[in-house]
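Report on the structure
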Amino acid sequence: MTKVLVLYYSSYGHLETLADSIAEGARSAGAEVDVFRVPETAPQAVVEAAHFKTDSSHAVIDGPDRLADYDAIVVGAPTRFGRMPSQMAAFWDTTGPLWAKGALVGKVGAAFTSTATQHGGQETTLFSILTNLLHHGMTIVGLDYGFEGHAGEGEAHGATPYGASTIAGQTGQRQPSQVELDGARYQGARVARLAAKIAA
């Protein structure tokens, strides 16, 4: 069975919600899916003052070595000034030994994100994640135009061809919409199907 890892960082729960939808999509395509988050690196005083969500149902990944166990890795992180946050960057900075061995070459990779506003850096953040995956030799899957939600003009949404995304609002008050959740499921299924073909 194809094995997919959904690896994310979430400050307020939006990325956790998208991660679950990505996983749901991958499972619908027949994959075995694990969902982990990366460690929180912000000082505890910052976590408390900013009211970060700390009660996730997903465990923290126990280091980078287990990435090699998967056929596909889908990485999610919110934007911080148009790029991935330090928590996710710090994790990928520990993957040098995997890169040196080519441990992720040929695996499938994808990204998803969240921003406060409609033009708050979704695509640049996705590319900051995808750059890491490309340097590891991974084959990238976006949220292609087979996803019909791209065509909708009745509401603002975070869907972008480079990966699933949601708009959280300035204070985090907006939760992922149905279009955004459907996009995440679509991308998860696409990742799982391509990974199965490559593994075969």
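Conventions used here
- Residues numbered from 1 in each chain as written.
- Predicted model: local features only at pLDDT ≥ 70, side-chain atom pairs only at ≥ 80, totals over all residues.
- Heavy atoms only, no water.
- Helix = DSSP H or I, 4+ residues; strand = E, 2+ residues; numbered from the N terminus.
- Polar contact = N/O pair within 3.5 Å; in protein donor to acceptor, adjacent residues only side chain to side chain.
- Contact = heavy atoms within 4.5 Å.
- Expected span 1.5 Å × (residues − 1).
- Buried < 20%, exposed > 50% of the residue type's maximum accessible area, 1.4 Å probe, protein only.
- Salt bridge = Lys/Arg side-chain N within 4 Å of Asp/Glu carboxyl O.
- 1 Å grid on protein atoms, 1.4 Å probe; cavity = no way out; pocket = protein on both sides within 12 Å on 5 of 7 lines; lining within 4 Å.
- Points joined across faces, edges and corners; volume = space filled by probe spheres on them.
- UniProt positions renumbered as here; feature names shortened; annotations may be inferred.

1. What to know about the side chain of Thr166
- Relative to the helices and strands, Thr166 resides in strand S6 (residues 164-167).
- Of the polar contacts made by the side chain of Thr166, one reaches the side chain of Glu180; its length is 2.6 Å.
- In this structure Thr166 touches His14, Leu18, Thr113, Ser114, Thr115, Gly158, Arg174, Gln175, Pro176 and Glu180, once residues within four positions along its chain are discounted.

2. Brief notes about helix H1 (residues 14-28)
- Here H1 spans 21 Å end to end across 15 residues, near enough to the 21 Å set by a 1.5 Å rise per residue.
- Every buried residue belonging to H1 is among His14, Leu15, Glu16, Leu18, Ala19, Ser21, Ile22, Ala23, Gly25 and Ala26, and all of these are buried.
- Of the surrounding elements, those touching the buried residues of H1 are strand S1 (3-8), strand S2 (32-37), strand S3 (72-76), strand S4 (108-115), S6 and helix H6 (178-199).
- Immediately downstream of H1, the backbone of Gly30 shows phi near 95°, a positive value.

3. A few points about the pattern of salt bridges
- One pass over the structure, following the stated rule, counts seven salt bridges.
- For the salt bridge of Lys53 with Asp55, the shortest nitrogen-to-oxygen distance reads 3.1 Å.
- Among the ionic contacts, a cluster of salt bridges with common partners joins Glu16, Lys53 and Asp55.

4. A word on the layout of surface pockets
- Reported here for the largest pocket is a volume of approximately 340 Å³.
- Secondary-structure elements contributing two or more residues to the lining of the largest pocket are H1 and S4.

5. Remarks on the UniProt feature "binding site: NAD(+)" (unreviewed entry) in the protein chain
- With numbering aligned to this structure, UniProt lists the feature "binding site: NAD(+)" (unreviewed entry) at Tyr12.
- Structurally, the position occupied by Tyr12 is in the loop between S1 and H1.
- If sequence neighbours within four positions are ignored, Tyr12 has contacts with Ala50, His51, Phe52 and Lys53.

6. Points about helix H5 (residues 122-135)
- An ideal rise of 1.5 Å per residue puts 20 Å on 14 residues; H5 measures up with 20 Å between its terminal C-alpha atoms.
- Taken residue by residue, H5 has Gln122, Thr125, Leu126, Ser128, Ile129, Leu130 and Leu133 as its buried positions.
- On the buried face of H5, the contacting elements are S3, helix H3 (86-92), S4, strand S5 (139-140) and S6.
- One or two steps after H5, the chain reaches Gly137, where phi turns positive at roughly 80°.

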